[in-house]
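Examination of the molecular architecture
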Amino acid sequence: MLHRSKGKVLREAIIEWLIRICGISAVVFVFAIFFFVFWEAKGQIFSGKVNINTATATALTKVEGIDNALADKIVAQRAQIDPKKRNTVNWLLEEKVIDLEQFFEIESQIKAKEFSFWKFLTTEKWYPASETNPRYGVFALIAGTVSVSILSMLIAVPFGLGSALFISEFCSPKLKETLKIVIELLAAIPSVVWGFIGLTIMNQLIMQIFGAPIGITVLNGAIILGLMSVPIIVSIGEDALQAVPDSYREAAIGLGVTRWQMVYKVLLPAAKNGLLAAVLLGIGRAIGETMAVLLATGHSVNNPFDGTFPFLHALESVKTLTATIAAEMGEAPRDSDHYQVLFIIGILLFTLTFIVNLSADLIVKGIRNK
Amino acid sequence: MVASIAKLKVEDLKVAYGDKQVIHGISYEIPPNEIFGVIGPAQSGKTSMLRVINRTIEFTPNAKVSGKIEIDGEDAFRMKDVYGYRRRIGMVAPLPVGLPLTIYDNVAFAPRSFGMKDKDQLDALVQKCLEQAALWDEVKDRLDSLGTKLSGGQQQRLTIARALSHQPEVLCLDEFSIAIDPVTTMKIEDVLKELRESMTIILVTNLVQQARRLAKRTMFLLNGELVEEGDTEKMFSGDADNPKTNEFVSGAFG
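Residues numbered from 1 in each chain as written. Chains lettered and ligands numbered in written order. Predicted model: local features only at pLDDT ≥ 70, side-chain atom pairs only at ≥ 80, totals over all residues. Heavy atoms only, no water.

**Digging into the overall build of chain B**
- Helices and strands together make up the secondary structure of chain B, namely 10 helices and 10 strands.
- Seen along its three principal axes, the alpha-carbon backbone of chain B occupies a region of about 55 × 40 × 40 Å.
- Put simply, chain B has 254 residues, and 54% of those count as buried.
- Expressed as a percentage of contacts within chain B between residues at least 6 apart in sequence, the contacts between residues at least 24 apart total 64%.
- On chain B, roughly 11200 Å² of surface is accessible, and the fraction owed to carbon and sulfur atoms is 50%.
- Of the charged side chains in chain B, 32 are positive and 36 negative; the average position of the first set lies 4 Å away from that of the second. (Helix = DSSP H or I, 4+ residues; strand = E, 2+ residues; numbered from the N terminus. Buried < 20%, exposed > 50% of the residue type's maximum accessible area, 1.4 Å probe, protein only. Contact = heavy atoms within 4.5 Å. Areas by Shrake-Rupley, 256 points an atom, 1.4 Å probe, with all protein chains shown as cover. Lys, Arg positive; Asp, Glu negative; His and termini not counted. Charge placed at Lys NZ, Arg CZ, Asp CG, Glu CD.)

Following this line, the structure appears as structure tokens:
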């Protein structure tokens, strides 16, 4: 009988556990980051509600000079005017404010400070640094991110898939090697360098070609982002095409169809999952990219979409979600409203990429089940 | 016998992948409307030879081909319209390759790409090809499902239907019956006997008995060299010219 030595058995067990930990760690990290971002933003998210549950009963008993009858009276009085504002009354009770005029004034201040998620999403006023009346509306920032991403994908997807096809199917082996190396080099350029190119070269070009007053615009950011996404789309797309078995190619070519007919009718359908993944990773990069867009888009709060033709005004400056966080996080005092709102933007970005990934999964599954 | 022009004439064909010579100069002729059997053990160059015949070997970057192939007296390697040329050659690979299209589109792919658009014409052609490949009855109710979802044997018959769809003059079958059960194999063999009326068939097979049943003449390849070529009956009678042939057909090696 042959026995494995105890050392070997132990070693394998350890290796197995290490691998297991590596696998699970990804899940742990995602949850930890998610938790952290939420934790930092919680003050704002729950601000409108924090008093309702906790303070009502205790406030009434703790406040000096207010007996139960008086408290009931105040509550009833306020309830007549605005039944939703019971929390404001609680707060007033804690502060021992009974003067109604003062009460109204303080209430309106609270109202202005109150964080409404709907308002946060739908208004365009982003004045986080205002002394008297800071407002946090991210609609223009979302519009900035979306406009740059869409436009960059319009540039990068045809470009990237086209070159993936060319490299995989149409070029000579020698050229293929060269192109692959060059495209990998393109992926290795740091994003701040891309941003620098946007700020200097593209800026000049756009001003000259389009006669725009300023060149750091949606278009500039989109071109830079597009060029940054191309290497990802090319390398993953090329992998997807290479993964299609050669027997498919030979079978199709053997039928006497042209190369292009083979590519269009056989190769693309066979590789569509991988190609879709390539495109979505490109989109993910476009949404998440920070440094290059910070430098290339002009960084001014502005909604480039409007109802008039051509609907997306590519020659306007915008500010994106990611660039906002990068630029403002350093100046926002810890746990201030501004700080917390920046973390909410983080959650927003999280959600956006999650939606992109989820829809990718669903699309891929849909294709597979067809 | 009238000396007619050969349908397919192969002259001193040599093939190498890089430094590795796989076919060392073989020559043979196949007259029209004949089933020509090719037997030989693995690595004998059978598949490479077929890939030369339909010129898909040109997609293997390091493949070197010399020699000459004539179809109806025309030099196949010099033909400018390589797509038109491939259309004249039907090819069935040993392992079934269902293209990632519906069953219908698999068969209609080639005719469509040559410009056949008429729906009725396509329908009729698809049905005819699937019937010839003994697959029609099994798939006629689900022509819209993916060809790749069929079982291995069904996919193989689908590739046969597909090879017939562009009405080739020469049909190359590379060990087509590997994935097919004996009953279906017999059905397809019957079809091949009918098809012989309208095309020339090269039957590469590992089943020596299959060559015996179908082929008029048979060629025995070994390590890229032509050992013997002759009437099937003689080749399998145990009375072949070359003793290696006798050994192979009697199962002594291979």
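**Looking at the pattern of salt bridges**
- Scanning the model with the defined rule gives 26 salt bridges over all chains in all.
- Note that Asp246(A) is salt-bridged to Arg249(A), the shortest N-O span being 2.9 Å. Taken together, the residues Asp246(A) and Arg249(A), both in helix H11 (residues 246-254) and 3 residues apart, mark about one turn of the helix.
- Note that Glu175(B) is salt-bridged to Lys46(B), the shortest N-O span being 3.4 Å. One end of the pair, Glu175(B), is in the loop between strand S7 (170-174) and helix H7 (182-195); the other, Lys46(B), is in helix H1 (residues 46-53), with 129 residues separating them in the sequence. Each of the two residues, Glu175(B) as well as Lys46(B), counts as buried.
- In the salt-bridge network here, residues are joined through shared partners; they are Lys7(B), Asp72(B), Glu74(B), Arg88(B) and Glu169(B). (Salt bridge = Lys/Arg side-chain N within 4 Å of Asp/Glu carboxyl O.)

**Here we look at the environment of Leu207(B)**
All names here are of chain B.
- Note that leucine 207 resides in the loop between strand S8 (200-204) and helix H8 (208-214).
- According to the relative accessible area criterion, leucine 207 is partly exposed, its value standing at 42%.
- In this structure, the C-alpha to C-alpha distance between leucine 207 and arginine 51, residues 156 residues apart in sequence, is 20 Å.

**Some points on the nonpolar core**
Residues and elements named next belong to chain B.
- If you look at the biggest cluster of nonpolar residues, it comprises 37 residues, and the most contacted ones within it are Leu130, Leu171, Leu173, Phe176, Leu192, Leu195 and Ile201.
- Elements represented by at least two residues in this core include exactly helix H3 (103-113), helix H4 (119-132), helix H5 (136-139), helix H6 (152-165), S7, H7 and S8.
- When sequence neighbours within four positions are dropped, the list of residues in contact with leucine 195 reads Gln132, Leu164, Leu171 and Ile201.
- Counting 29 residues, the second largest nonpolar core, distinct from the first, contains Val22, Phe36, Leu50 and Ile71. (Core = buried A, V, L, I, M, F, W, Y, C linked by side-chain atoms within 4.5 Å.)

**With respect to the pairing of strand S2 (residues 20-30) of chain B**
All names here are of chain B.
- Bridging between strand S1 (residues 8-17) and S2 involves 8 bridges; their strand directions are antiparallel. Along S2, the bridge assignment pairs valine 15 with isoleucine 23.
- Count of turn residues in the S1/S2 antiparallel hairpin: 2 residues, of which glycine 18 carries a positive phi of about 65°. (Pairing = 2+ DSSP bridges.)

**A look at the pairing of strand S4 (residues 63-71) of chain B**
Residue and element names in this part refer to chain B.
- Strand direction decides the pairing type here: S1 and S4, joined by 8 bridges, are antiparallel. Bridging across to S4, alanine 16 finds its partner in lysine 64.
- Of the pairings in the sheet, the one linking S4 to strand S5 (residues 74-75) comprises 2 bridges and is antiparallel in character. By the bridge assignment, glutamate 70 is partnered in S5 with aspartate 75.
- Following S4, the chain reverses through 2 residues before pairing antiparallel with S5; aspartate 72 in that reversal takes a positive phi of roughly 50°.

**Details of the confidence of the model for chain B**
- On average, residues of chain B carry a pLDDT of 87, and 97% of them reach 70 or more.
- For this predicted complex, the interface confidence reaches an ipTM of 0.79, while the overall pTM sits at 0.75. (pLDDT = per-residue confidence, 0-100.)

**Points about the sheet that holds S5(B)**
- A sheet is described by the order of its strands in space; here 4 strands give the open sequence S2-S1-S4-S5 (chain B), paired in antiparallel fashion. Bordering the open sheet on either side are S2 and S5 of chain B, each of which pairs with just one other strand.

**What about the sheet that holds S7(B)?**
Residue and element names in this part refer to chain B.
- The strand order S6-S7-S8-S3-S9-S10 describes an open sheet built from 6 strands, whose pairing is mixed. The open sheet has two free edges, formed respectively by strand S6 (89-92) and strand S10 (225-231), since each of these has just one partner strand. Across the sheet, the mean angle separating the axes of adjacent strands is 15° when strand polarity is ignored.
- One ladder, built from 4 bridges, connects S6 with S7; its direction is parallel. (Axes fitted to C-alpha atoms, helices over the stretch in contact; angles between N-to-C directions.)

**Concerning helix H9 (residues 191-210) of chain A**
All names here are of chain A.
- The largest bend along H9 measures about 40° and falls at methionine 202.
- Listed in full, the buried residues belonging to H9 are Ser191, Trp194, Gly195, Gly198, Met202, Asn203 and Ile206.
- On its buried face, H9 sits against helix H8 (173-188), helix H10 (218-242) and helix H13 (291-296).
- Phi turns positive, to about 65°, at glycine 211, one or two residues after H9. (Bend = angle between axes of the 7 residues up to and from the residue.)

**Structural notes on the packing of aromatic side chains**
- Taken as a whole and assessed by the stated rule, the structure comprises 9 aromatic pairs over all chains.
- Taking the centre distance of 5.3 Å and the plane angle of 15° together, the rings of Tyr28(B) and Phe36(B) count as stacked. As far as burial versus exposure is concerned, Tyr28(B) and Phe36(B) are alike and both buried.
- Within the aromatic cluster, the residues linked to one another by ring pairs are Phe34(A), Phe38(A) and Phe350(A). (Phe/Tyr/Trp six-rings, centres within 6.5 Å; stacked < 30°, edge-to-face > 60°.)

**Comments concerning the side chain of Ser147(A)**
- With respect to the helices and strands, the residue Ser147(A) is situated in helix H7 (residues 139-170).
- Here Ser147(A) is in contact with Val218(A), Pro304(A), Phe305(A), Leu312(A) and Val318(A), once residues within four sequence places are set aside.

**Details of the packing of H7(A) against helix H12 (residues 259-288) of chain A**
All names here are of chain A.
- Direction vectors running N to C along H7 and H12 enclose 140°, while the axes themselves pass 9 Å from each other. With respect to their mutual orientation, H7 and H12 come out oblique. Every pair of crossing elements has a handedness; the one defined by H7 and H12 is right-handed. Residues Thr145, Ser149, Ser152, Met153, Val157, Leu161, Leu165, Glu169 and Phe170 of H7 form the contact with H12, whose own contacting residues are Arg259, Trp260, Met262, Val263, Leu267, Leu268, Leu275, Val279, Gly282, Ile283, Ala286 and Ile287.
- Residue classes in the contact of H7 with H12 are distributed as 15 nonpolar, 4 polar and 2 charged. (Parallel < 35°, antiparallel > 145°, perpendicular 65-115°, else oblique. Left-handed = near helix turned anticlockwise from the far one by under 90°. Nonpolar A, V, L, I, M, F, W, Y, C, P; charged D, E, K, R; others polar.)

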